[in-house]
Amino acid sequence: MDLALSPAQQLLQQSARTLLPRRCPPERVQALALDPRGFDADLWKEIATLGWPGLLIAPQQGGSGGTVGDAVVLAEELGHACVPSPFIGSAIIATTALSAAGGRRAAALLPRLALGERLCALAVLEEAGRLAPDAMALRVEAPGRLTGRKLFVADAHAATDVIVLGRGAAGPTAVLLPMDRGGIEAHPLESMTGDKLFELTFRDVETGPDDVLGEPGAGFTLLAPAYRLGALARSAEMVGSAQRVLDLCLSHARVRRQGGRPIGGYQAVQHACADMFRDVESARWLVWETAWKLEAGRPDAHAAVATAKVYAADAALRVARRGHQVMGAIGYCEEHPLHLLHKRILAASLDAGDAALHLDTVARSIGLRDKSKGPLLKS
Amino acid sequence: MDFGRSADEQAFADEVRAFLRAHPPESFPADGTDAGYGSGAHSRAFLRALGERGWLSLSWPREYGGQAQPMAYRLLLLEELAAAGAPFGPLPGCLQVADSIIQHGSDTLRREILPQVARGEATFWQGYSEPGAGSDLLALETRARLEGEQWILDGRKIWSSHAGVATYGTVLARTDPASTRRRGLTMLMVDNRLPGMDVRPIRSLTGEVYHYEVFMDSVRVPRDWVMGKPGEGFAQLLHGLDTDRFWGRFYKAPFLERILALLVEYANTTPRDGGVLADDASVRRRLAQAATDIAALRALFRRAAWLIERELPATGPVSAAKLMADELGQRVLSLGMELLGPYGVLRAGSRWVRLRGEIQHQYQTSWGHTLAGGTSEIQRTTIAVRALDLPAEPRVRG
C-alpha cells in the first residue's frame, strides 16, 4: 500500500494550483456562469499549452499517455478552483471513447484535441434523462440521415465535434460528427448550475459509414468505459469542490466573531466542520482507491466506480449544504463563491450517471438478485 | 497510488483464511461478550490458537520474540478475522498494550508480560474512565503514592471492558497530589490478582456483561510496573489515543460488510409479494447505499493506517474514521432491523429467530459505540481543534 502521489502527479497538482486560482478566480467563474454563452477560450488555450487535454491521449497521437490517477489529480483541482471547462466531457470521456474506437476519423481528431484546437461534445441523453441503452430512441444509420434530438449536451456552443449515440440496425451505434455538419443545431437550456447545456437537434443530417465510431452496434461497449472514467473524474471533481467549501468555512469560522469569540470556537460550528472533514476525506480516499482499481484492472473496478460516484455525490452535497449553514447569510450572496461550488457539485452529481443508475450497479455488485437488464455502465 | 497487497501479504492473508477454514470460529468457547465492534467475543482458546502460530507477536522486534513484520500484516490478520466473524475480542487492545510495553515499558514489564501476550494468555482492561471523569478524563481521582519499592493505589475505575476476564489493567492515576489536570499522572500496569482488587460486573442493556467497575483499595503495585515515566501518564495516554481509536475500530468496515452480506442474503431469500424482498426498489437502493458508505469507511481507515504506519499526523482521519464507523454501524444495523420487521427483535435461541439473532444484538451494542473510546462529540471536537485548527472552546473554571 502506498498512498502518495507520484512525482509526476505532484507536478501536475502544483501546476494546477498555480494556474487555476490565478486565471479563474471566483469572479471569473461567476461571470462565466452568468453569461449564457460563457466559455473561456483563452483559459482553454492556456490549459492546452500545459498538455492537459492530451493527458489521456497516447504519445504517438500527440498526447502524454497519462494514467487514471493523473486525471483524478486534475479533476480534483478543477473542482477545487470551480473551473467551468469541457475538460471532463471532452478530454476524458470523449477522448477515451475516441482512443478506444480507433479508425481514421478518431486518429485525425485526437492530435487536434490534444493541442486544444478542437473540442468534442457528447450527445447521449434523451428525454428519459437516463444513461441507459433503453432510454435512447434516436435512429442512427450510416450511411443514412439523422433526424431527432439529444438533450443535456454540455458545451455544444464551444465544441467542434460531437459523438452521437443512437439506435442502429445492429444495435446501439456511435457516430462522430463535426458540429458544422448541415442540419445540426444547438438550442441552449437554462441551467441553474451555470453549466452550458443544450438541446441538439438533427434535421436530415447526412451520415456516412466513415462517421461510425468503432463497430456498428457496439456503441455502448465503446462508451461505457469512457463514461466510467468520466464518473470517476466527476467524483474527484466533487471531492475538490467539497474540499474548497470546507476551506472557505474554516477560514470564515476562524475570523468571524460573534459573542466575543470566533464562531469556530463554538462546538456547534466545530462539529459541523468535523462532519465536513469526514465527508471530504472519506470520499477522497474512496475515489483514489477506485482509481487504483481501474488502473490495476481489478475485476471489481466497475462496481467500485459506481460506488465512488454515489458516495462522492452524497458526501459532497452534504458538505455543500452544511457549508451554507457555517457561512451564514454571506454564503447566500451571488458574489460569494459558495453557491458556485454547490452548483458545480450538483452538476457533477448528475453527469456520467446519476445516483439511481449507479446504485443499481452497486445493488447487483453486492449480490442482490435482479431480473432487469443492466445499464450502460455495466457493459 | 497503490491500495493493493504485496504477494507476501496476500500469501499471509491466504494462510489466515486457511487457518479459519480449518478452525471455524464457532469451535472456540467464548469467555466474554461480543461487544459488536467487529472483533467478536472474548475467547482465550482462540487467542491461544493464534499465539501458537506466532500471530500475536507478528510485528514485534525480534529481541522480544517477534517476527519484525510491518504493520500491514497486523492489519491483514485483524481484517481477515473480522471478515470471518472470529472471536478475537480483546486482541487489538492486547497488541496496543504490547506495543506500549515495547516502546515505554520497564524491562520487568517486557520480561514478565510480553511472553504471556505472545502466547495469548494475557489480556488487558483500560482503567481510564471514572464515575466523575468521563469525557473530562483529567478530572480523575484515582491516586497512587510511592512507598518504598511499591505504589499504593487507591481509586475506582468504570466502564472497563472485559476487566473481569482480563489479567492486567493499565490504570491512569494521579501520583503527584499537588498536581492538577494533565500533570502528575502516571500509567500503572496492575495485576488483577493483587490483593485489594475488586472487579464487579456491570450488566449492559443487552443483558450481558461487558463492562466492569474496578475498585482498588491500597493495591500494592511494584515500582517499575509503569508505562513511560512516573508523572508522564498523560503523554502515554495521548500518545496512544490515535492508535487506540484506530486499532479499536478499523475492523468495523469488514464487520459491516459481513453484516451487509447477511442482509443481502436475507433480502434474496425472503418471500415478499410474490417475489422476494430484494425485488423491492427501495430495499435495493438502501442496501446499495449502505454498501457505498461502508466502502468509503474502509477507504478512510486505509488512509489512516497509511498515516499511522509512517508516523505522520493522523488525528483527523483517525477520529473521523472512528466517528463514521460508529454512526454508520448504527445506520446499517437499524436498516437490518427494519428489513427483518417483527422478526428483528427475536433474540438468539428464540423460536422463529432469523439470522441467528445477530442483528438485534449488534444493533443494541452499536448504541454504546458512539460513547466508548471517546464519544462522537469528543471526536468532532478533536477533529475541529487538533486537525482543523479551530480555536478550542474556553474551559469553564470552578
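Anyway, here's the lowdown on the structure attached to this text. (Residues numbered from 1 in each chain as written. Chains lettered and ligands numbered in written order. Predicted model: local features only at pLDDT ≥ 70, side-chain atom pairs only at ≥ 80, totals over all residues.)

**Here we look at the nonpolar core**
When a protein is soluble and globular, its nonpolar side chains tend to lie buried together.
Thought 1: In this structure, Ile163(A), Ala242(A), Cys273(A), Leu188(B) and Leu287(B) are the most contacted members of the largest nonpolar core, which totals 245 residues.
Thought 2: Here this core takes 18 residues from helix α7 (residues 219–255) of chain A, the largest share from any one element.
Thought 3: Non-local contacts of Ile163(A), meaning those with residues more than four positions away in its chain, are made with Ala94(A), Ala97(A), Cys120(A), Leu122(A), Ala123(A), Ala174(A), Leu176(A) and Leu213(A). (Core = buried A, V, L, I, M, F, W, Y, C linked by C-beta atoms within 7 Å. Buried ≥ 20, exposed ≤ 12 C-beta atoms within 10 Å, placed from the backbone. Helix = DSSP H or I, 4+ residues; strand = E, 2+ residues; numbered from the N terminus. Contact = placed C-beta atoms within 7 Å.)

**Observations concerning the environment of Pro70(B)**
Thought 1: Assignment of secondary structure puts Pro70(B) in the loop between α2 (44–52) and α3 (71–83).
Thought 2: On a C-alpha basis, the gap between Pro70(B) and Trp225(B) in space is 28 Å, while along the polypeptide they are 155 residues apart.

**Let's talk about the sheet that holds strand β6 (residues 197–207) of chain A**
All names here are of chain A.
Thought 1: Strand order in the open sheet formed by three strands is β2-β6-β5, and the pairing between neighbours is antiparallel. The open sheet has two free edges, formed respectively by β2 (144–154) and β5 (184–189), since each of these has just one partner strand. Adjacent strand axes in the sheet meet at a mean angle of 10 degrees when their direction is disregarded.
Thought 2: The sheet contact formed by β5 and β6 spans six bridges and is antiparallel. Counterpart to Ala 186 in the pairing with β6 is Leu 200. (Pairing = 2+ DSSP bridges. Axes fitted to C-alpha atoms, helices over the stretch in contact; angles between N-to-C directions.)

**Some remarks on helix α5 (residues 87–101) of chain A**
Residue and element names in this part refer to chain A.
Thought 1: The terminal C-alpha atoms of α5, which comprises 15 residues, lie 20 Å apart, in line with the 21 Å expected from a rise of 1.5 Å per residue.
Thought 2: Of all the bends in α5, the largest measures some 35 degrees and sits at Thr 95.
Thought 3: Of all 15 residues in α5, 13 are buried, a share of seventy percent or more.
Thought 4: Where α5 terminates, the next one or two residues include Gly 102, which has phi positive at roughly 65 degrees. (Expected span 1.5 Å × (residues − 1). Bend = angle between axes of the 7 residues up to and from the residue.)

**Considering the interface of chain B and chain A**
Thought 1: On the chain A side, the residues contacting the 42 residues of chain B number 39 residues.
Thought 2: Per-element tally for the side of chain B that touches chain A: the top contributor is helix α8 (residues 281–309) of chain B, with 16 residues.
Thought 3: When its residues are assigned to classes, the side of chain B that touches chain A shows 28 nonpolar, six polar and eight charged. (Nonpolar A, V, L, I, M, F, W, Y, C, P; charged D, E, K, R; others polar.)

**Quick notes on the pairing of strand β6 (residues 197–203) of chain B**
Looking down a regular strand, the side chains alternate between one sheet face and the other.
Residue and element names in this part refer to chain B.
Thought 1: By the bridge criterion, seven bridges tie β6 to strand β7 (residues 209–222) in an arrangement that is antiparallel. Across the sheet, residue Ile 202 finds its bridge partner in β7, namely His 211.
Thought 2: Once β6 ends, the chain turns through five residues before running back antiparallel as β7, passing Gly 207 with a positive phi of about 95 degrees.

**Examining the sheet that holds strand β3 (residues 161–168) of chain A**
Picture the strands of a sheet paired through backbone hydrogen bonds; they go either parallel or antiparallel.
Residue and element names in this part refer to chain A.
Thought 1: Read across the sheet, four strands follow the order β1-β3-β4-β7 without closing on themselves; strand pairing throughout is mixed. Edge positions in the sheet fall to β1 (120–123) and β7 (212–213), since each has one partner strand and no second.
Thought 2: Relative to strand β4 (residues 171–178), β3 runs antiparallel, the two being bridged by eight bridges. Within the sheet, the bridge partner assigned to Gly 166 lies in β4 and is Thr 173.

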